[in-house]
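# A closer look at the structure
If you want the building blocks of each chain, they are given just below.
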Amino acid sequence: MNPKFMLFVLLGPQGSGKGTQAEYLEDHFSIPTFSVGAGLREEAKKKTRAGKEIRAIMAKGMLVPNEYSVGLVKKRMKAKDAKRGLIIDGFPRDLDQAKALEAVAPASAAIIIEIRDKESIERLANRLVCETCGMNYNTKTRKPVVKGICDKDGGKLKHRADDEPLAIKKRLEIYHKETEPVIALYKKMKKALFIEGEQPIIEVHEDIVAGLKEQFAIEKVRKTTKKKK
Ligand code: AP5
């Protein structure tokens, strides 16, 4: 693995803005994002035994077995566009996944976006997702220009199948039980960057960029422009 490979993991409770901030970081650092949840939703569409199993587990808000999630991450890391680095949204979510990731590519920083459970529930109830490109909207805080239509590609905006009360409750329970120990591990490894998530989207982004610079000396590589002769 390239020693300059930048690997960011984005963690935080459901609806904390991992996907939203991943889009901003992708633009800022010019490295791609991989949402493990989105990758699994693609797998779940397949009419295979694995697809059916993944679909049923996700609908209940439970974690999909590690063989699927770890496999997807490893594959994504090998892609050509991920030579300089990768931003992983929603992985690792338990200690086994964290160990598997550290063995393949150690994280440069784990960005933890913190919000209260009450805020999670409120945001997910108002979330809309583009059925074509997966871009996130919110009926209160991030409205599309045209109601029900994606600004980026004109796709239809829908509620996500697992954004319903029982599944949200289960997802938050798993987060506290399985993912908080992962955060404690990153803290012990001095790789954790804690961010206040209950502030406007752009301010969350600015705090992440500032935190990466101050705590880890990681900043955007400026392009040098050659002088014309
Ligand atoms: P995944 O798709 O990753 O869902 P999640 O972790 O539940 O996170 P969300 O996508 O719900 O929230 P988010 O933090 O990305 O917030 P967002 O930016 O959308 O995973 C889904 C399922 O896949 C899991 O339940 C599991 O089954 C499976 N899975 C995934 N990873 C796995 C793994 N590693 N192992 C095993 N199984 C796995 O924002 C939410 C809303 O809030 C949006 O409407 C947004 O516009 C709004 N918003 C964002 N930021 C702000 C802000 N600062 N202020 C106000 N509103 C905001």
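Whatever comes next refers back to the structure up there.
Right, let's walk through the structure included here. The numbers attached to residues start from 1 for each chain and follow its sequence in the written order. Residue-level local features of this predicted model are given only where pLDDT is at least 70; pairs of side-chain atoms are given and counted only at 80 or more, and the full residue set underlies all totals for whole chains, interfaces and linings. Side-chain calculation: all heavy atoms of the structure are included, whereas hydrogens and water are not.

## A short note on the overall build of the chain
Secondary structure counts use DSSP, requiring at least four H or I residues in a row for a helix and at least two E residues in a row for a strand, with both numbered from the N terminus. Looking only at helices and strands, one finds eight helices and eight strands in the chain. Expressed as lengths along the three principal axes of its C-alpha atoms, the size of the chain is roughly 60 × 40 × 35 Å. Under the scheme applied here, a residue whose accessible area is under 20% of the maximum for its type counts as buried, over 50% as exposed, and between as partly exposed, the area being computed with a 1.4 Å probe on protein chains only. In the chain, which comprises 229 residues, the proportion classed as buried is 46%. A separation of at least 24 residues holds for 70% of the contacts in the chain among residues at least 6 apart in sequence. Each accessible area is a Shrake-Rupley result for a 1.4 Å probe, and residues are judged covered by the shown protein chains and nothing else. With an accessible surface of roughly 13400 Å², the chain has 55% of that area assigned to carbon and sulfur atoms. His is not counted, nor are the chain ends, whereas Lys and Arg count as positive and Asp and Glu as negative. We put the charge of a Lys on NZ, of an Arg on CZ, of an Asp on CG and of a Glu on CD. Computing the positive centroid from 47 side-chain charges and the negative centroid from 32, the chain places the two 6 Å apart. Contacts are assigned to residue pairs with any non-hydrogen atoms lying within 4.5 Å of each other.

## A short note on helix 8 (residues 201-216)
Multiplying one less than the number of residues by 1.5 Å gives the expected span of a helix. A rise of 1.5 Å per residue sets the reference length of helix 8, with its 16 residues, at 22 Å; its end C-alpha atoms lie 22 Å apart and thus fit the reference within 8%. Packed against the buried residues of helix 8 are strand 1 (6-11), helix 1 (18-29), strand 4 (109-114) and strand 8 (192-196).

## Overview of the site of the ligand
For this purpose, a residue is taken to be near a molecule or strand whenever a single non-hydrogen atom of the residue falls within 4 Å of it. Close to the ligand lie 37 residues; T20, M62, R93, R127 and R171 are nearest. The term polar contact refers here to a pair of N or O atoms within 3.5 Å; inside protein, the definition further demands a hydrogen-donor-capable atom paired with an acceptor-capable atom, and it admits residues adjacent in sequence only when both atoms are side-chain atoms. Within the backbone of G19, an N or O atom sits 2.9 Å from an oxygen atom of the ligand. Within the side chain of T141, one N or O atom sits 3.0 Å away from a nitrogen atom of the ligand. Look at the ligand: alone it shows 1000 Å² of surface, and the protein chains cover 97% of it. For the shell around the ligand, the secondary-structure elements that each account for two or more residues are helix 1, helix 2 (36-45), helix 6 (117-125), strand 6 (136-138) and helix 8. Three classes are used, and their members are as follows: Ala, Val, Leu, Ile, Met, Phe, Trp, Tyr, Cys and Pro are nonpolar, Asp, Glu, Lys and Arg are charged, and the others, Gly among them, are polar. Tallied by class, the residues present in the shell around the ligand amount to 13 nonpolar, 15 polar and nine charged.

## Looking at the packing of aromatic side chains
Two aromatic rings are characterised by how far apart their centres lie and by the angle between their planes. Paired rings are identified among Phe, Tyr and Trp, the last through its six-membered ring, by centres lying within 6.5 Å, and are further divided according to the angle between planes into stacked (under 30 degrees), edge-to-face (over 60) and tilted (the rest). Throughout the structure, instances matching the rule amount to one aromatic pair. Ring geometry for F8 versus F29: centroids 5.2 Å apart, planes at 45 degrees, classification tilted. Of this pair, F8 sits in strand 1 while F29 sits in helix 1, and the two are 21 residues apart along the sequence. Overall, F8 belongs to the buried group, its relative accessible area being 0%. Classification of F29 by relative accessible area gives buried; the value is 3%.

## A few points about a nonpolar patch on the surface
Think of a patch as exposed residues, more than 30% relative accessible area, with no salt bridge, where like charges cluster within 9 Å and nonpolar side chains (Val, Leu, Ile, Met, Phe, Trp, Tyr) cluster within 5 Å. The term salt bridge refers to a side-chain nitrogen of Lys or Arg lying within 4 Å of a carboxyl oxygen of Asp or Glu. Together, V145, V146 and I149 line one region of the surface with nonpolar side chains, adding up to about 280 Å² of accessible area. In this structure V145 comes out as exposed when scored by relative accessible area, which is 73%.

## A closer look at the pairing of strand 4
By the criterion of burial, strand 4 is predominantly enclosed, with five of the six residues buried. Across four bridges, strand 1 lies against strand 4 in parallel orientation. Bridging across to strand 4, L10 finds its partner in I111. In this description, strands pair whenever DSSP reports at least two bridges between them. For strand 4 and strand 8, the ladder comprises five bridges, and the chain directions are parallel. The residue of strand 8 that forms the bridge with I113 is I195.

## Considerations on the sheet that holds strand 7 (residues 157-158)
Spatially, 6-5-7 is the arrangement adopted by the three strands of the open sheet, whose pairing is antiparallel. Strands with a single pairing partner mark the edges of an open sheet, and in this sheet they are strand 6 and strand 7. In the sheet, strand 5 (residues 127-130) pairs with strand 7 via two bridges, with the strands oriented antiparallel. Within strand 7, the residue paired with V129 across the bridge is K158.

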